[in-house]
Amino acid sequence: WSSDVCSSDLPPLRSESMAPRLDIEGRPALPVWAIAELVGASHAMVVAWKDGGRRDLDRFFADAVGRAAAHIAPALEEGRIHARAPIAVVPVPARVASTRRRGIDLPLMLAAAAARGLRAEGVDATVRRVLGIGKGEQRGASARQRWLQASSLRVTRETGAPATVLLVDDVMTTGATLASAVRSLDVTFLTVGAGLCLAAAPPSSARARGALS
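K.L.:
Explain the confidence of the model for the chain here, please?
P.N.:
Detailed reading of the predicted coordinates is not advisable wherever pLDDT is low. Of the residues in the chain, 80% reach a pLDDT of 70 or more, and the chain-wide mean stands at 85. Note that pLDDT drops below 50 for residues 205-210; the model gives that stretch six contacts with residues more than four away or on any other chain.

Right under this line is the structure:
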């Protein structure tokens, strides 16, 4: 990942076509922007940042997301469900164990940076930390069932006033997590309008062996 990608004024890329599990029946494709493709140097940097203890990269990636959010501000304004509704920047939650190990909530940090970038462009945007990773009954469940329970997202906090949502995550692989977030928010007054992530993985057929997922 060349630092030029994150430090320049290059716009983020529309990436929903790279996510085969992002489609939700009865809905138009969710627009998702990514700053870079998760390959080569970009993959190495994201892995070092997420799981290699590289806290010195926090500011680097936060600034990149802030600039990307500023770039997509006009598109978010056009896509608002209600003209006067604010933008709710909703982080896709990390696992509690991962956050504890890293010492920082990375998706929340990126969401805060995105909200700052939007506000710099005059958009009424605030972070709403309303999603959590669901937990189901573990006893008697198969290994797959336990994984699905731990991986599902659900609304865990008061969502507040109606708003158009920008979902923020660090990496998009298949799009399944973003789709789960959209479905979880369907029962609230928050309407998902778009997604933003640091990097989008190429389709699995083109993904290098050992790539982050």
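Let us keep going from here.
K.L.:
Honestly, helix 7 (residues 176-185) in this entry has me stumped. Any pointers?
P.N.:
An α-helical segment advances 3.6 residues per turn. Residues three or four places apart therefore align on the same side. A large share of helix 7 lies buried, amounting to eight of its ten residues. Of all the positions in helix 7, only A176, L178, A179, S180, A181, V182, S184 and L185 are classed as buried. Where the residues of helix 7 are buried, they touch strand 2 (32-37), strand 5 (131-133), strand 6 (153-155), strand 7 (163-172) and strand 8 (190-200).

K.L.:
It is not clear to me how the environment of M18 should be interpreted in this structure. Could you clarify?
P.N.:
Position of M18 among the secondary structure elements: in the loop between strand 1 (13-14) and strand 2. Of the residues examined, M18 reaches a relative accessible area of 17% and is grouped as buried. For the pair M18 and E37, spaced 19 residues apart in sequence, the C-alpha separation works out to 9.7 Å. In this structure M18 touches E37, T173, A200, A201, P202 and P203, once residues within four positions along its chain are discounted.

K.L.:
Can you walk me through the packing of helix 3 (residues 58-78) against helix 5 (residues 106-120) in this structure?
P.N.:
The angle between the axes and the distance between the axes are what describe a pair of packed helices. It is at 7 Å that the axes of helix 3 and helix 5 come closest, and there the two elements cross at 45 degrees. When the axis of helix 3 is compared with that of helix 5, the two are oblique. In this structure, helix 3 meets helix 5 at a crossing whose hand is right-handed. Residue-level inspection shows D58, F61, A62, V65, G66, A69, A70, A73 and L76 of helix 3 in contact with helix 5, the latter providing L106, M109, L110, A113, A114, G117 and L118. Of the residues contributing to the contact of helix 3 with helix 5, the split by class is 13 nonpolar, two polar and one charged.

K.L.:
Which parts of the structure should I look at to understand the pairing of strand 7?
P.N.:
Sheet faces and side chains relate simply in a regular strand, where the side chains alternate between the two faces. Most of strand 7 is tucked away: ten of the ten residues are buried. Summarising the sheet, strand 3 (residues 87-91) and strand 7 pair through five bridges and their orientation is parallel. From the neighbouring strand, V89 faces strand 7, where its bridge partner is L166. The pairing of strand 7 with strand 8 spans nine bridges and is parallel. Following the sheet pairing, V165 is matched in strand 8 by V192. A crossover links strand 7 with its parallel partner strand 8, the connecting element being helix 7, and its sense is right-handed.

Cut-offs used in this document
- Residues numbered from 1 in each chain as written.
- Predicted model: local features only at pLDDT ≥ 70, side-chain atom pairs only at ≥ 80, totals over all residues.
- Heavy atoms only, no water.
- pLDDT = per-residue confidence, 0-100.
- Contact = heavy atoms within 4.5 Å.
- Buried < 20%, exposed > 50% of the residue type's maximum accessible area, 1.4 Å probe, protein only.
- Helix = DSSP H or I, 4+ residues; strand = E, 2+ residues; numbered from the N terminus.
- Axes fitted to C-alpha atoms, helices over the stretch in contact; angles between N-to-C directions.
- Parallel < 35°, antiparallel > 145°, perpendicular 65-115°, else oblique.
- Left-handed = near helix turned anticlockwise from the far one by under 90°.
- Nonpolar A, V, L, I, M, F, W, Y, C, P; charged D, E, K, R; others polar.
- Pairing = 2+ DSSP bridges.
- Right-handed = clockwise from strand over helix to strand, strands pointing away.

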